[in-house]
Each structure stands twice: as C-alpha cells, then as structure tokens.
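Below, each chain spelled out in residue letters.
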Amino acid sequence: MSIEKISPAIINMYNEGWLNEVHVNEWTVLERAKLFDQKPNNVYKTLESLLLLKSVTLIDYSTLFGDDSFSNVTALVNKGARPLSEKLFQKALSSVTTSIKNIIKTQTLRKSSVVVSIDTTDDNFNFKVTEQADTSLNEQYGLTDHELIEVKQLLKAFHLHDEKSLSESLAEFLYLGDDSTDCKNETKKTIRVGALCIYPAFVSVVADSLRAKKLLVSSKSTEGSNNSSNGIPIASVAAAFPSGLYPLESKISEINFATRNGATEIDIVISRYLVLQHRWTELFEEIKALKEACGSAKMKTILAVGECGSLENVYKASMVAMMAGTDYIKTSTGKEAVNATFTSGLVMCRAIKNFYIKTGKKIGFKPAGGIRTAEDSLKWINLVITELGADWLSLFRIGASGVLKSIEQRLHHINP
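Now for a quick tour of the structure.

Parameters and conventions
- Residues numbered from 1 in each chain as written.
- Predicted model: local features only at pLDDT ≥ 70, side-chain atom pairs only at ≥ 80, totals over all residues.
- Heavy atoms only, no water.
- Buried < 20%, exposed > 50% of the residue type's maximum accessible area, 1.4 Å probe, protein only.
- Helix = DSSP H or I, 4+ residues; strand = E, 2+ residues; numbered from the N terminus.
- Pairing = 2+ DSSP bridges.
- Right-handed = clockwise from strand over helix to strand, strands pointing away.
- Axes fitted to C-alpha atoms, helices over the stretch in contact; angles between N-to-C directions.
- Parallel < 35°, antiparallel > 145°, perpendicular 65-115°, else oblique.
- Left-handed = near helix turned anticlockwise from the far one by under 90°.
- Contact = heavy atoms within 4.5 Å.

Okay, the pairing of strand β7 (residues 234-238) next. Most of β7 sits out of view: five of its five residues are buried. Burial along β7 is two-sided: I234, S236 and A238 facing one way and A235 and V237 facing the other are all buried. Pairing of strand β6 (residues 195-198) with β7 involves three bridges; the strand directions are parallel. Following the sheet pairing, L196 is matched in β7 by I234. Sheet topology note: the β7/strand β8 (residues 265-269) ladder contains four bridges and is parallel. Across the sheet, A235 pairs through a bridge with E265, a residue of β8. Handedness of the β-α-β unit built from β7, helix α12 (residues 248-260) and β8 comes out right-handed.

Right, here's the structure in full:
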C-alpha cells in the first residue's frame, strides 16, 4: 500500500477536498457488508479459542446506566481485572498453544513441480495456491489447502508463527499481565479487558479501585497501543453523552473533570445536527477543541451512525473526526435505535484506510451497541482484518459488555 508523503502539520487541518471527492454507493456497501454478517468460516473456527481470548482484551467493559452506583462500578472493576476464571483461562490458553504448535509443525509443504505464492503484504490475505499442502492437518481441522495456508498466514500476521518464542508472543498478543493473587503468591499471567468505561462521576471510584489492585495506568503508558499488560485503562464517556446537545464549554468541562480524576481515555459524542446540516467546518472545530481538552488521554469520537442520515454522512463525519485529531472513531453510544452495523462499520473502516493512505496515520476503530454474542465478536474481528489488516487489531476495541458472558460460555463449550 503506497502512502502519500504529507506533512504532519496537515493531518490536524480541515481539508474539504477529502470530503468532496467521495461518493458512497449504498447498494455496493450493503452487498459487501453481507459477507461479514455470516457464520465464521473454517479459518476462524480453527483459531476460535485464540480469537475469543483476543476478543476479551478488546472489550471496553462498561456500565452506563442512570442507576449506576459505587457497588456495581466496583463489581465492574473486579470483573474487568479477571474476566475469565483462572481454570477456564488456563485451559483455553493451553488448548490455543497446542493448536498453534501443531499448525507450525506442518508449515513445510510437499515438494512438487509447482510453487505456492503468498503475498505477505496484502491486508486482504489474497493467496495464489499452486501446490498441494501436507494433508494431515487439513484432515484434523477439516481445512482445504487454501484455508490451511490462510490459517498459517494469519498466525504469521499475529506474530505467532515461531514455536520457540510462542509463549512470549502469545503474552504480547493477548496483553497478558502478572497476577499474584493466588494463595501461593506465585506470579502467573492473566488476561484483562481492554478498558473500563463509566460516567465521569465514577472515574475516581474506578481509579481508586485499580490503584488498590496495582492496575492503575497513566495515559502515557498506553500511548501507541491498544492496551497495557501492566494495568487497565479508564475510559470515561463525556461531552454530553449520549445526546451531544450541550454547549461546548460544558463538554470541555466534563472532559477536564474526567481526566483530572484519572481517565486515560475519553469517549466523546458529536453534535449530530452538524452532520445532518453538513456543517463540516463547525464539526471539525468542535472535535478539535474536545481533543485539545483531552490532553494526553486518548479520544474516541462517537458518530452515532444511526442518527447521521446516510452512509455518505457517516464517511464524511469519520473523515472530519480523523482530520480533527481523534485517536479512534466509534459507531454508536449504544443508546440509539440503530447502533453498530456492518454497513456503517465497513464505511468507517474504508474512511480509516483512506485517511491512512493520505497521511500515514493509523486511527483506531470501535463498534458499539448490538454486539451480543461470541460469534458477533469474531465477525467484527474478521471485518477489521479483511478491511484494514491484522495489525489494526492493536487499534480495535469492542463496545459490548454483554458479549463477555457469551465468550465465557463458548470457551467452556469448546474447551470442556
């Protein structure tokens, strides 16, 4: 993928030309989106336990209700710090390790008069297969030769293709942190959620609880990454969540309150009327001001796609938010009638990709609302890998607290 050389100073400037050059063919988007709203294929089934564990680390685990209290926020922290029981986690991790080792050991293909060509630079994992693979693993997992090669390519993209360093690579891929809470005081690795998301009023409660667990992280410690193995980021909604219909000064005040009390990430929500009226310059200035208020905290910009009017508006709002300096674009608050859909997600990912091509800057993506099952999480991971590449999983979050229970149940089922 070629990257245009653009000065960093231009990245956070409004460029109306980038908005005028786009036209979204909604029928084409709808047809393309159908490909992602299907049951996971054999490739993803083969790596299901690995990707479900990864999904846990991508969850922005939240409680965002009017009756939130100290007790349920504290319970949120406890669950986020240990989202899976130790027994289930260790069993799933052991199964994943064994499975990957088996795949690695069968990487050598049988010799023949033709060659296999794999394009390692292709984000969409396009392969040219002209040689038959060793069929032993194909039979074990029910894979075709093409699927087997794609599994190996995914593991390579995840940096999980070297058996000697597999343990360390898995710990890095899953952001595993130290857990010394067992009675023997032995240091073990454990898995954690991507972040804890609450209203500003409870940021200090979460910060105090994480500090007591030695899991409190600063904004700088997660800079440039999706998570930190040393702790759990605190994400606070702000800027008139969920409506966005408050004065800018009030929105900035909310952000300042949240960051002052320990928030390392801020999920802001835009003024949808600016999108519906195509007042893109004003939207840019608003988001830019909110980003400046965030300081060193990462900012996720919620578009509320179900209230943007059209997919073209979703694309343009995405591009404006990225031009204004947001770190992530997010589909929804979870409070709208229509939340995360594969059509809006596809358009947003294409906007992210185009912005990267123009600037060389990677922006994160977070679907939220309506994601309820373990299968849903795999579908969204597939969309991100297919449209943006496996490396973008480090900049991917899922706003779906309810999905954690489904992931637990599925891991129990496939790791009895």
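The rest of the description comes next.
Right, let's get into the packing of helix α6 (residues 70-81) against helix α11 (residues 203-212). Running from amino to carboxyl end, α6 crosses α11 at an angle of 45°, the nearest separation of the two axes being 10 Å. The orientation of α6 relative to α11 falls into the category oblique. Classified by chirality, the crossing of α11 by α6 is right-handed. Contact residues: α6 offers F70, V73, T74 and V77, while α11 offers V205, V206, S209 and L210.

Geometrically, the link from F241 to P242 is a cis peptide bond, its omega value of 0° lying close to zero. Its place among the elements puts P242 in the loop between β7 and α12. The backbone phi angle of Y175 is positive, close to 50°, even though this residue is not glycine. Position of Y175 relative to the elements: it lies in the loop between α10 (166-173) and β4 (177-179).

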